[in-house]
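The lines below spell out each chain.
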Amino acid sequence: QVQLIESGGGLVQAGGSLRLSCTASGRTFSNYAMGWFRQAPGKEREFVGGISASGGLTRYGDSVKGRFTISRDNAKNTVYLQMNILKPEDTAIYYCAGDRNSAISTLVRSYVYWGQGTQVTVSS
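Read on for a plain summary of the structure. Fair warning: this is a prediction, and the values are worked out from it, not measured in the lab.

Conventions and cut-offs
- Numbers given for residues are sequential positions, taken from 1 along each chain in its written order.
- Restriction of local features to residues with pLDDT of at least 70 applies here, the model being predicted, together with a cutoff of 80 or more for giving and counting side-chain atom pairs; totals for whole chains, interfaces and linings are based on all residues.
- For the side-chain quantities, the full set of heavy atoms in the structure was used; hydrogens and water were omitted.
- Here the nonpolar core consists of buried residues drawn from Ala, Val, Leu, Ile, Met, Phe, Trp, Tyr and Cys, with membership extended through side-chain atoms lying within 4.5 Å.
- Exposed residues in this analysis have more than 50% of their type's maximum accessible area, buried residues have under 20%, and partly exposed residues fall in between, with area computed by a 1.4 Å probe over protein chains only.
- Here a helix means four or more residues in a row that DSSP labels H or I, a strand means two or more in a row labelled E, and each is numbered from the N terminus.
- Note on contacts: a residue pair qualifies if any of its non-hydrogen atoms lie within 4.5 Å across the two residues.
- We define a salt bridge as a side-chain nitrogen of Lys or Arg found within 4 Å of a carboxyl oxygen belonging to Asp or Glu.

## Some words on the nonpolar core
Within the largest apolar cluster, 28 residues are counted, with the highest numbers of intra-cluster contacts made by M34, W36, V79, L81, M83 and Y94. Elements supplying a minimum of two residues to this core: β3 (18-24), β4 (33-39), β5 (46-51), β7 (68-73), β8 (78-83), β9 (92-99) and β11 (118-123). The element contributing the most residues to this core is β3, with four residues. Once residues within four sequence positions are removed from consideration, V79 is found in contact with L20, S21, C22, F29, M34, W36, I51, I70, S71, R72 and C96.

Put into structure tokens, the structure is as follows:
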């Protein structure tokens, strides 16, 4: 069983930056692709980005390309989401997720491990 714990959310002004962290328990973290999703009130959960198990490949949702960066440190069992040039429409609960496969998936149903979420609020 893998547990994921996010941190780093908060309130920031438009144009600002935040870095989210997600730390995983368990010895097999380095075997899993990891993803970040977000969900705003009344909306479906949206793929933000993902990173392959090795960290060599990343993929992003269209709305965050060029502004967000995913990285991981397998020695620390941690994946990061650096968010720059934040916009009010980025406001949502952000979730870290783990996929048993090593390749990146954009689909919610591919991920079997989920964190509790962390709130990100961007004021205009």
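## A short note on the pattern of salt bridges
Applying the stated criterion across every chain, the model contains four salt bridges. Ionic pairing is found between R38 and E46, a salt bridge with its closest N-O pair at 2.8 Å. According to the relative accessible area criterion, R38 is buried, its value standing at 6%. Residues D62 and K65 are paired through a salt bridge, measuring 3.1 Å at the closest nitrogen-oxygen approach.

## Quick notes on unusual backbone geometry
The bulk of non-glycine residues show a negative phi, and the bulk of peptide bonds are trans. One non-glycine residue with positive phi stands out, namely N77, at about 55°. Residue placement: N77 occurs in the loop between β7 and β8. By relative accessible area, N77 is classed as buried at 18%. Residues other than glycine seldom take positive phi values, yet I85 does so here, at roughly 50°. Within the fold, I85 resides in the loop between β8 and β9.

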